[in-house]
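# Topology and contacts: notes
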Amino acid sequence: ATASVPMSQSHPQPDWAEQDAMAIWESVQAVVAGCMEGQDPRHVAAVGLSTQRESTLLWERESGRPLAPVLGWQDGRGAAVCAGLRGAGYGDEVRSISGLPLDPMWSSSKAAWLLDEYDADRSRSRGGELCLGTIDSWLLACLGGGHIIETGNASRTQLLDLTSRRWDASLLELFKIPEAVLPAVVPSTGPFTSAGRLRPLGDDVAVTGVLGDSHAALFAHGAWEPGQVKATYGTGSSVMGITKQIEVGSPSLCRCIAWEADEPSFALEGNIRSSGATVAWLATLLGTTPKDIAAQAADDAQGVHLVPAFTGLGAPWWDDRAVGIVSGLRFGTGQAHL
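So, a few notes on the structure that sits alongside this text. All of these numbers come straight from a predicted model, not from anything done at the bench.

### A word on the overall build of the chain
- Of the regular secondary structure elements, the chain holds eleven helices and 16 strands.
- What you see for the chain is a C-alpha radius of gyration of 20 Å, in line with the 20 Å of a compact globule of 338 residues.
- By principal-axis analysis of the C-alpha atoms, the chain measures approximately 65 × 60 × 40 Å.
- Looking at the 338 residues of the chain, the share that counts as buried comes to 47%.
- Looking at the chain as shown, the accessible area adds up to about 16,000 Å², and 54% of this sits on carbon and sulfur atoms.
- Computed over 24 positive and 38 negative side-chain charges, the separation of the two mean positions in the chain equals 1 Å.

Here is the structure:
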């Protein structure tokens, strides 16, 4: 059975991308209830989560109340933090430990921004009153699983030492993030928590697997060995494959943990920030729908190019200062060409 709930995203300022944390949790409850209509809950063997990766949020540990919107993975408000660290010469150090270039896409600079706004002196973070995490952390907390994060998702925060699979003290110091505010890192197979809060499932149904969305796609396609690569197209795009390399071989690519079962599997990835999001943006701009845009598209763009750098460019440039560009316009250019 399948079910879906559309999720909105707001852009209150240029380069900002926000979502409602409670709406995400409610959407998960709604799709599970939708899938279970007419089904016997006793037939459910287990629950798995495939989530956004770098999106980051801050909530109160005791009440579970989010203090701010989710900063989506496309959110670029951490650009100033990244620029400052690059200017101070920390780019190579950060990349060698985390596998990731200094860029506002990752959770690190978003986390710094959130703490600067809502816990400037870090007292509540150090005291254990606040929780900082990604979407998998948030959903597992909503399910009653405490404050934990799956290894692959943790590797996308830019705060994890890929070798030890632990939070790195030097990275935490650079981004001014107390370790007490971060979740415990657990393997992709858990242990996690019961899924019983997803009614009508019973408390005996467990969450047995958690992966970031791109990692889940890689695993599901069966690309488990070096030389096999998958390309996925969603809001953004990902070209990803397993690697046995110890170090990143190219500055164009990111190195992360794809998943951890008996042992970690590492991956190389190139990220494009806007693919499906570009179609949605164009539909909104023209007052129509993505489906209508696709139906109207001309066979030949006649020289029109659209560079979707709405929040900068990802691989292979990693340029957070780039902006979107439309070029090649002529008097004969029409909506179908764009």
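### What about the environment of Ile-325?
- Mapped onto the secondary structure, Ile-325 falls in strand S16 (residues 325-327).
- Sequence separation between Ile-325 and Trp-16 is 309 residues, and the spatial gap between their C-alpha atoms is 18 Å.
- Sequence-distant contacts of Ile-325, that is, excluding residues within four places in its chain, are made with His-305, Leu-306 and Val-307.

### What about helix H9 (residues 213-220)?
- Buried within H9 are the following residues: Ser-214, His-215, Ala-217 and Leu-218. Projected onto a plane normal to the axis of H9, the buried residues spread over an arc of 160° and lie on a single side.
- Phi turns positive one or two residues past the end of H9, at Gly-222, with a value near 80°.

### Thoughts on the sheet that holds strand S11 (residues 229-233)
- Spatial ordering of the open sheet is given by S11-S12-S14-S13, a layout of four strands whose pairing is antiparallel. Each edge of the sheet is formed by a strand with only one pairing partner; in this case those strands are S11 and strand S13 (254-260). The mean angle between the axes of side-by-side strands here comes to 30°, regardless of whether they run parallel or antiparallel.
- As paired elements, S13 and strand S14 (residues 264-272) share six bridges and run antiparallel to each other.

### A few points about unusual backbone geometry
- Cis geometry is adopted by the peptide bond preceding Pro-191, which originates at Gly-190 and carries an omega value of 15°.
- By secondary structure assignment, the location of Pro-191 is in the loop between strand S9 (184-186) and strand S10 (207-212).
- Omega for the bond connecting Ala-315 with Pro-316 falls within 30 degrees of zero, at 0°, which places this linkage in the cis form.
- Along the chain, the position of Pro-316 falls in the loop between strand S15 (305-307) and S16.
- Backbone geometry at Asp-15 places phi at a positive 75°, although glycine is not the residue there.

### A look at the packing of aromatic side chains
- Under the counting rule described, the total for this entry stands at six aromatic pairs.
- Between Trp-106 and Trp-318 the ring centres are 5.5 Å apart and the planes differ by 40°, which places this aromatic pair in the tilted class. Of this pair, Trp-106 sits in the loop between helix H3 (91-98) and helix H4 (107-118) while Trp-318 is found in the loop between S15 and S16, placing the two residues 212 residues apart along the sequence.
- Three or more aromatic residues joined by ring pairs make a cluster, and in this case those are Phe-219, Trp-224 and Trp-259.
- Cation over ring: Arg-77 sits above Trp-16, and NZ or CZ is 3.6 Å from the ring centre.
- Just above the ring of Phe-266 sits the side chain of Arg-255; from NZ or CZ to the centre is 4.3 Å.

### Some points on the side chain of Thr-193
- Residue placement: Thr-193 occurs in the loop between S9 and S10.
- Classification of Thr-193 as buried rests on a relative accessible area of 14%.
- Here the side chain of Thr-193 touches Leu-143 through a polar contact of 3.5 Å, landing on its backbone oxygen.
- Contacts of Thr-193, omitting those with residues within four sequence positions, involve Leu-140, Leu-143, Gly-144, Gly-145, Ala-206 and Val-207.

### A few points about a nonpolar patch on the surface
- On the surface, Val-307, Val-323 and Ile-325 cluster together into a nonpolar patch covering about 250 Å² of accessible area.
- Examined against the element boundaries, Val-307 turns out to sit in strand S15.

### Points about the pairing of strand S3 (residues 56-60)
- The element S3 is extensively covered by neighbouring structure, given that five of its five residues are classed as buried.
- Of the two faces of S3, the one lined by Thr-56, Leu-58 and Glu-60 and the one lined by Leu-57 and Trp-59 are each fully buried.
- Pairing analysis gives five bridges linking S3 to strand S5 (residues 130-134), with the strands arranged antiparallel. Directly across from Glu-60, in S5, lies its bridge partner Leu-130.

How each quantity is defined
Residues numbered from 1 in each chain as written. Predicted model: local features only at pLDDT ≥ 70, side-chain atom pairs only at ≥ 80, totals over all residues. Heavy atoms only, no water. Helix = DSSP H or I, 4+ residues; strand = E, 2+ residues; numbered from the N terminus. Rg over C-alpha atoms; globule rule 2.2 N^0.38 Å. Buried < 20%, exposed > 50% of the residue type's maximum accessible area, 1.4 Å probe, protein only. Areas by Shrake-Rupley, 256 points an atom, 1.4 Å probe, with all protein chains shown as cover. Lys, Arg positive; Asp, Glu negative; His and termini not counted. Charge placed at Lys NZ, Arg CZ, Asp CG, Glu CD. Contact = heavy atoms within 4.5 Å. Arc of directions from axis to C-beta. Pairing = 2+ DSSP bridges. Axes fitted to C-alpha atoms, helices over the stretch in contact; angles between N-to-C directions. Phe/Tyr/Trp six-rings, centres within 6.5 Å; stacked < 30°, edge-to-face > 60°. Lys NZ or Arg CZ within 6 Å of the ring centre and 35° of its normal. Polar contact = N/O pair within 3.5 Å; in protein donor to acceptor, adjacent residues only side chain to side chain. Patch = residues over 30% accessible without salt bridge, like charges linked within 9 Å, V, L, I, M, F, W, Y side chains within 5 Å. Salt bridge = Lys/Arg side-chain N within 4 Å of Asp/Glu carboxyl O.

Just distances and angles here, no functional claims.
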